[in-house]
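Notes for the structure review
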Amino acid sequence: MIPGLERYSLVCEGKRIARFLIAKTIEAEKTECNDETLKEMLKQHSELKKEFRKLVKEFDEEETDAGELEFPEYSFLHLKADILREMLHGCTFCERRCGVDRYTSKGFCRCGVKSYYASEFLHMGEEPELIPSHTIFFNRCTFSCVFCQNYDIVYDDDYPVNPEEMAKVIEIRFFQGSRNVNFVGGNPDQHAHTILEILCHVSLSIPVVWNSNMYHSEELAEVVEDVVDVWLGDFKYGQDSCAERYSRVKNYWKVVTRNFKRAYENGEVLLRHLVMPNNLECCTYRIAEWVSRNIPGVRFNMMFQYRPEFMVRQHPEKWKGIARRLTKEEMERAMEIARIFDLNLVE
Ligand code: SF4
């Protein structure tokens with residue numbers, strides 16, 4: 001059993017049911033989706049959420065064979081997907097809160113309604129507790145990091161996602177040995193409507209990993225949290241000025257700490273911190289301190305693979321502080337910080 005990821009471990013062993021599949025067993029009432037009915041849909045959603053929580057507890061009391069589950073034609077999961085599609089008319093999926101109608105225009109992330117992805121495969125380079133992980137790399141991101149390590153994915157639209165076909169791919173990858181399906185990018189948040197639609201077509205109990213920058217809105221968390229088994233969340237910065245300088249985001253600390261707390265209370269978390277040169281005391285130290293006080297025992301991956309990519313490579317003078325790899329001393333200091341705060345480190 002992996003400390004901090006106990007339920008996830010049991011889902012992997014087939015002893016518990018993935019959360020999205022439990023959501024799919026709850027019958028919901030289909031209403032016509034429009035601006036006026038969104039409030040009604042949200043009301044129904046909060047009622048069914050109580051039922052969902054009770055059901056998860058009941059399911060967790062004993063082993064259930066996922067093959068014996070019955071699914072109504074229209075479920076709590078379908079309702080969630082419909083709510084998200086309606087929310088796209090004034091998008092507040094993330095805390096940029098563009099408010100644009102994504103059916104006709106695009107906000108900061110440059111995403112419309114249709115989602116695109118760059119690749120999907122069985123990833124062996126993720127944390128040991130996740131591999132082999134079926135990673136689906138969506139295009140686009142809600143951040144704009146000057147050191148983006150995935151810039152070839154983020155600033156393009158590669159292949160359109162067909163939810164039904166992608167669901168089949170997820171099931172095929174499961175039979176090929178995936179331990180989970182890992183929605184990543186870029187970032188998954190701006191594609192939440194597509195991801196939930198994909199899950200509506202999946203009938204196997206596969207743990208869902210949400211690999212996010214944790215800058216999503218509370219409205220999005222309210223809908224999405226019930227389908228996520230593991231929040232694989234990035235915690236990059238210990239202060240807002242670093243977040244503004246390197247990723248062009250405001251209010252970073254308040255939003256991300258709020259979201260990590262919520263994820264910790266509602267599911268299981270694997271936190272990733274990419275250690276950056278010259279940012280040990282302002283970011284690594286502050287994050288470790290906050291984690292030990294607020295979400296103790298959480299799985300913590302201290303990552304040393306930072307590379308000065310993208311804009312940093314193009315303008316090394318401008319981004320001087322981070323235009324190099326980490327030194328040995330910085331890596332040692334990061335591990336010392338981990339010891340000071342007794343973090344539950346990924347080996
Ligand atoms: S997901 Fe975020 S960045 Fe994209 S349109 Fe919505 S609010 Fe804007």
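**Regarding the sheet that holds strand E1 (residues 116-123)**
- Read across the open sheet, the nine strands follow the order E3-E1-E2-E4-E5-E6-E7-E8-E9; overall the sheet is mixed. Only two strands of the sheet have a single partner each, and these edge strands are strand E3 (159-160) and strand E9 (344-345).
- For strand E6 (residues 230-234) and strand E7 (residues 268-274), the ladder comprises five bridges, and the chain directions are parallel. Bridge pairing in E7 places Trp-231 opposite Val-269.

**Digging into the site of the ligand**
- Close contacts around the ligand come from Cys-91, Phe-93, Cys-94, Arg-97, Cys-98, Arg-102, Gly-107, Phe-108, Cys-109, Thr-142 and Gln-190, and that covers them all.
- Taken together, the residues of the shell around the ligand sort by class into six nonpolar, three polar and two charged.

**Brief notes about unusual backbone geometry**
- Residue Ile-131 is joined to Pro-132 through a cis peptide bond whose omega torsion reads -10 degrees.
- Mapped onto the elements, Pro-132 comes out in the loop between E1 and strand E2 (133-138).
- For Arg-140, which is not glycine, the phi torsion reads 75 degrees and is therefore positive.
- Owing to a relative accessible area of 14%, Arg-140 belongs among the buried residues under this scheme.
- At Asn-278, a position not held by glycine, the phi torsion is positive, near 65 degrees.

**Brief notes about the pattern of salt bridges**
- The tally for this structure, following the rule as stated, stands at 33 salt bridges.
- When the shortest N-O distance is used, the salt bridge between Arg-7 and Asp-229 registers 3.6 Å. Of the two residues, Arg-7 sits in helix H1 (residues 6-12) while Asp-229 sits in the loop between helix H8 (218-224) and E6, which places them 222 residues apart along the sequence. Like Arg-7, the residue Asp-229 is buried in the burial classification.
- Here Arg-324 ties to Glu-330 by a salt bridge, and the two come within 2.9 Å at their closest N and O atoms.
- Judged by relative accessible area, which is 28%, Arg-324 ranks as partly exposed.
- In this structure, a network of salt bridges that share partners links the residues Lys-49, Arg-53, Lys-80, Glu-222, Glu-225, Asp-226 and Arg-262.

**As for the packing of aromatic side chains**
- The full count for this structure, using the stated rule, is 20 aromatic pairs.
- Taking 5.9 Å as the distance between ring centres and 65 degrees as the angle between the ring planes, the aromatic pair formed by Phe-174 and Phe-175 counts as edge-to-face.
- Given the relative accessible area of 27%, Phe-174 is considered partly exposed.
- Overall, Phe-175 belongs to the exposed group, its relative accessible area being 64%.
- For Arg-96, the ring lying beneath its charged end belongs to Phe-108, and the centroid distance is 3.6 Å.
- Arg-286 extends its terminal NZ or CZ atom over the ring of Trp-253, reaching a point 4.1 Å from the ring centre.

**Side note on the environment of Cys-12**
- In this fold, Cys-12 is placed in helix H1.
- According to the relative accessible area criterion, Cys-12 is partly exposed, its value standing at 29%.
- Considered as a pair, Cys-12 and Pro-207 are 195 residues apart in the sequence and their alpha carbons are 6.9 Å apart.

**Digging into the side chain of Asp-226**
- Within the element layout of this structure, Asp-226 appears in the loop between H8 and E6.
- A relative accessible area of 1% places Asp-226 in the buried class.
- Side-chain polar atoms of Asp-226 contact the side chain of Lys-80, separated by 2.6 Å.
- Look past the residues within four positions of Asp-226 in its chain and what remains in contact with it is Arg-19, Phe-20, His-45, Lys-49, Phe-52, Phe-76 and Lys-80.

**Let's talk about the pairing of E2**
- Counting buried residues along E2, six of its six residues qualify, which places the element largely inside the surrounding structure.
- A two-sided burial pattern is seen for E2, the buried positions comprising Ser-133, Thr-135 and Phe-137 on one face and His-134, Ile-136 and Phe-138 on the other.

**Quick word on the packing of helix H11 (residues 280-294) against helix H13 (residues 328-340)**
- The contact between H11 and H13 brings their axes to 10 Å, and the two run at 25 degrees. Classified by the interaxial angle, the pair formed by H11 and H13 is roughly parallel. H11 and H13 meet at a crossing whose hand is right-handed. Together, Leu-280, Glu-281, Thr-284, Tyr-285 and Ala-288 of H11 and Glu-330, Arg-333, Ala-334 and Ile-337 of H13 make up the contact between the two elements.
- For the contact of H11 with H13, the residue count by class is five nonpolar, one polar and three charged.

**Points about the environment of Ser-217**
- Assignment of secondary structure puts Ser-217 in the loop between strand E5 (208-212) and H8.
- C-alpha separation for the pair Ser-217 and Val-256, spaced 39 residues apart in sequence, amounts to 9.8 Å.
- In contact with Ser-217, other than residues within four places in its own chain, are Thr-92, Phe-93, Cys-94, Glu-95, Arg-97 and Arg-258.
- From its side chain, Ser-217 meets the backbone nitrogen of Leu-220 in a polar contact 3.2 Å long.

Reading the values: rules and limits
- Residues numbered from 1 in each chain as written.
- Predicted model: local features only at pLDDT ≥ 70, side-chain atom pairs only at ≥ 80, totals over all residues.
- Heavy atoms only, no water.
- Pairing = 2+ DSSP bridges.
- Helix = DSSP H or I, 4+ residues; strand = E, 2+ residues; numbered from the N terminus.
- Near = heavy atom within 4 Å.
- Nonpolar A, V, L, I, M, F, W, Y, C, P; charged D, E, K, R; others polar.
- Buried < 20%, exposed > 50% of the residue type's maximum accessible area, 1.4 Å probe, protein only.
- Salt bridge = Lys/Arg side-chain N within 4 Å of Asp/Glu carboxyl O.
- Phe/Tyr/Trp six-rings, centres within 6.5 Å; stacked < 30°, edge-to-face > 60°.
- Lys NZ or Arg CZ within 6 Å of the ring centre and 35° of its normal.
- Polar contact = N/O pair within 3.5 Å; in protein donor to acceptor, adjacent residues only side chain to side chain.
- Contact = heavy atoms within 4.5 Å.
- Axes fitted to C-alpha atoms, helices over the stretch in contact; angles between N-to-C directions.
- Parallel < 35°, antiparallel > 145°, perpendicular 65-115°, else oblique.
- Left-handed = near helix turned anticlockwise from the far one by under 90°.

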